[in-house]
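Here is what each chain is made of, one letter per residue.
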Amino acid sequence: MAIKNITNAIFAINPTAIFKIDGDLIYENIEWQDGTTPISKSDLDTKLVEVQSAEDTAVAQEATDKASGNTKLLDLGLTQAEA
């Protein structure tokens, strides 16, 4: 689990969360700061799946859009090198 993903999950649940993560065991090393209410591991795990799914969907959509754009340029008569 990457720190970027856990950070995105935390902010998706609580956009104003203030926290610090130290070490390799990410959840066990979250230090909730300035009165931020801790988020349970199960809530974070659920949100991580949602965040990863959304990221995967965005990457797939980008690839689809790129291929579609390329096809449209080829249909206009451009060569692959020009496209």
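Let us look at the structure shown here. If you're wondering where the values come from, they're calculated on a predicted model, not measured in any experiment. (Residues numbered from 1 in each chain as written. Predicted model: local features only at pLDDT ≥ 70, side-chain atom pairs only at ≥ 80, totals over all residues. Heavy atoms only, no water.)

## Structural notes on a nonpolar patch on the surface
In plain terms, the rule: Think of a patch as exposed residues, more than 30% relative accessible area, with no salt bridge, where like charges cluster within 9 Å and nonpolar side chains (Val, Leu, Ile, Met, Phe, Trp, Tyr) cluster within 5 Å. Accessibility throughout is a Shrake-Rupley quantity obtained with a 1.4 Å probe, and a residue counts as covered only by protein chains that appear here. Criterion for a salt bridge: a side-chain nitrogen of Lys or Arg within 4 Å of a carboxyl oxygen of Asp or Glu. By definition, any uninterrupted DSSP run of H or I lasting at least four residues is a helix, any uninterrupted run of E lasting at least two residues is a strand, and each is numbered from the N terminus.
Together, Leu73, Leu76 and Leu78 make up a nonpolar patch on the protein surface, roughly 260 Å² of accessible area in all. Position of Leu73 relative to the elements: it lies in helix α2 (residues 41-75).

## Some details on the packing of aromatic side chains
So the rule is basically this: Classification of ring pairs rests on two measures: the distance between centres of Phe, Tyr or Trp rings, Trp counted by its six-membered ring, which must be within 6.5 Å, and the angle between planes, read as stacked under 30 degrees, edge-to-face over 60 and tilted in between. Classification of residues uses two cut-offs on accessible area relative to the type maximum, computed with a 1.4 Å probe and protein chains only: under 20% is buried, over 50% is exposed, and between them is partly exposed.
Evaluated as defined, the whole model comprises 2 aromatic pairs. Relative to Phe19, the ring of Phe11 lies with its centre 5.4 Å away and its plane at 50°, an arrangement referred to as tilted. According to the relative accessible area criterion, Phe19 is buried, its value standing at 17%. Residues Phe19 and Trp32 carry aromatic rings whose centres are separated by 5.9 Å and whose planes lie at 55° to one another, so their mutual orientation is tilted. In this pair, Phe19 sits in strand β1 (residues 19-21) while Trp32 sits in strand β2 (residues 30-32), placing the two residues 13 residues apart along the sequence. Cluster of aromatic residues (ring-pair linked, three or more members): Phe11, Phe19 and Trp32.

## Topic: the environment of Ile10
Quick reminder of the rule: Any two residues having at least one pair of non-hydrogen atoms within 4.5 Å are treated as being in contact.
Relative to the assigned elements, Ile10 resides in helix α1 (residues 3-13). Note on Ile10: relative accessible area 0%, which makes it buried. The sequence separation of Ile10 and Leu76 amounts to 66 residues, and the corresponding C-alpha distance is 46 Å. Setting aside residues up to four positions removed in sequence, Ile10 forms contacts with Ala17, Phe19, Ile30, Trp32, Ile39 and Leu44.

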